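# Residue-level structural notes
Read off the chains here:
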Amino acid sequence: MKRYANKTVLVTGGNSGIGLATARQFVNEGARVVITGRDQARLDAAREQLGSAAIAILSDAADSDSAKALGAALAQRGITLDAVFINAGVARFSPFEGVDDAFWDATFNTNVKGAYFTIQAITPLLNRGAAVILNGSINAHIGMENSSVYAASKAALISFAKTLSAELIGRGVRVNVVSPGPVTTPLYGKLGIAPEQLDAVAAGIQSQVPLKRFGTPDEVASAVLYLASPEAAFIVGTELIMDGGMSQL
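Notes on the structure follow. (Residues numbered from 1 in each chain as written. Predicted model: local features only at pLDDT ≥ 70, side-chain atom pairs only at ≥ 80, totals over all residues. Heavy atoms only, no water.)

## Here's the deal with the overall build of the chain
Helix and strand counts for the chain come out as seven helices and seven strands. In the chain, the succession of α and β elements from N to C terminus is β-α-β-α-β-α-β-α-β-α-β-α-α-β. Overall, the chain is about 45 × 35 × 35 Å in size when its C-alpha atoms are taken along their principal axes. Scored against the burial criterion, the 249 residues of the chain give a buried share of 50%. For the chain, contacts bridging at least 24 residues in sequence account for 71% of all contacts bridging at least 6. For the chain, the exposed surface amounts to about 11500 Å²; the carbon and sulfur share of it is 53%. Measuring between centres, the 20 positive side-chain charges of the chain sit 9 Å from its 21 negative side-chain charges. (Helix = DSSP H or I, 4+ residues; strand = E, 2+ residues; numbered from the N terminus. Buried < 20%, exposed > 50% of the residue type's maximum accessible area, 1.4 Å probe, protein only. Contact = heavy atoms within 4.5 Å. Areas by Shrake-Rupley, 256 points an atom, 1.4 Å probe, with all protein chains shown as cover. Lys, Arg positive; Asp, Glu negative; His and termini not counted. Charge placed at Lys NZ, Arg CZ, Asp CG, Glu CD.)

Shown next as structure tokens:
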């Protein structure tokens, strides 16, 4: 039996990496899936991969007006939601002294402001019993150099899982957060690190993981589907860390 038959799910940033893997698993389990992204070509390619069960909507996660437009577009189509994965985000790293306003805003506008106002915009569309899952990071828990802005943005999402749970529990909506460690996604090519340094950086990170490997997008996706499922109905305001033991051992 498919757990998500007759359910509708929203995955922001669903055109690649963890978002696309999660959207694919939801589709495989019977859901209709709405994916968002800010690159039309990648969004169209992802929708084609996912098939007829997918709806793609162009949306910039860093823009609160775009979040409102997303909510309006869903409402206009008569779409209500049974699960939401707030996944769209950016990961850029810089030494503390190299951070400027533009760097700060690029991270916080997408990872924090965009996440917050997207949830606000789609809250009226959440069915009773719906689940919202935020994509956090173990960087919020460890003192990795050059990650101060990124880590702070992800710490905000972990806080949202608790405070928004308190706000939405009366509507029958659960909010939780999954915090991956290093995962093999295209995001690693967007860290602002020179290509010739990327392999060395990746090897250094992998050496810190007790399991001695990166996680996979499908492993994170499976955790998201669990948190969105009836089996997780008693889990509220909780962070699920999945990092191969990196922050735990």
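From this point, the narrative continues.
## Examining the packing of helix H1 (residues 17–28) against helix H7 (residues 217–228)
Where H1 contacts H7, the axes come no closer than 8 Å and their chain directions differ by 55°. If you check the angle between H1 and H7, you find them oblique. Of the two possible hands of crossing, H1 and H7 adopt the one that is right-handed. Along its contact with H1, which presents Gly 17, Ile 18, Ala 21, Thr 22, Gln 25 and Phe 26, the element H7 presents Pro 217, Asp 218, Val 220, Ala 221, Ser 222, Val 224, Leu 225 and Ala 228. (Axes fitted to C-alpha atoms, helices over the stretch in contact; angles between N-to-C directions. Parallel < 35°, antiparallel > 145°, perpendicular 65-115°, else oblique. Left-handed = near helix turned anticlockwise from the far one by under 90°.)

## As for the pattern of salt bridges
Counting across every chain of the model gives four salt bridges. Between Arg 3 and Glu 29 there is a salt bridge, with its nearest N and O atoms 2.9 Å apart. Of this pair, Arg 3 sits in the segment before strand E1 (8–11) while Glu 29 is found in the loop between H1 and strand E2 (32–37), placing the two residues 26 residues apart along the sequence. On the basis of relative accessibility, which here comes to 31%, the residue Arg 3 falls in the partly exposed class. In this structure, Arg 213 engages Glu 219 in a salt bridge whose closest nitrogen and oxygen atoms are separated by 2.8 Å. Overall, the relative accessible area of 32% leaves Glu 219 in the partly exposed class. (Salt bridge = Lys/Arg side-chain N within 4 Å of Asp/Glu carboxyl O.)

## Considering the environment of Phe 234
Inspection of the secondary structure puts Phe 234 in the loop between H7 and strand E7 (239–242). It is 8.8 Å that separates the C-alpha atoms of Phe 234 and Arg 174, two residues lying 60 residues apart in sequence.

## Structural notes on the sheet that holds E2
Overall, parallel pairing links the seven strands, which are arranged E3-E2-E1-E4-E5-E6-E7 in an open sheet. Only two strands of the sheet have a single neighbouring strand rather than two, namely strand E3 (54–58) and E7. Here the strands of the sheet are splayed against their neighbours by 20° on average, with no regard to which way each runs. Contacts between helix H2 (residues 40–50) and the sheet are confined to E2 and E3, with E3 contributing the most and set at about 175° to the helix. (Pairing = 2+ DSSP bridges.)

## Concerning unusual backbone geometry
The residue Asn 6 is not glycine, and still its phi comes out positive at about 65°. When you line up the elements, Asn 6 lands in the segment before E1.

## Let's talk about the nonpolar core
Counting residues in each nonpolar core, the largest one holds 32 residues, and the members touching the most others are Leu 74, Leu 81, Val 84, Leu 126, Val 132 and Leu 134. Only E3, helix H3 (64–76), strand E4 (81–86), helix H4 (101–122), strand E5 (126–135), helix H5 (148–168) and strand E6 (174–180) provide two or more residues apiece to this core. Considering each element in turn, this core owes the most residues, eight residues, to H5. Setting aside residues no more than four positions away along its own chain, Val 132 makes contact with Val 84, Ile 86, Ile 119, Leu 126, Val 173, Arg 174, Val 175 and Asn 176. In this structure, Leu 20, Ile 133, Ala 223 and Ala 228 belong to the second largest nonpolar core, which totals 28 residues. (Core = buried A, V, L, I, M, F, W, Y, C linked by side-chain atoms within 4.5 Å.)

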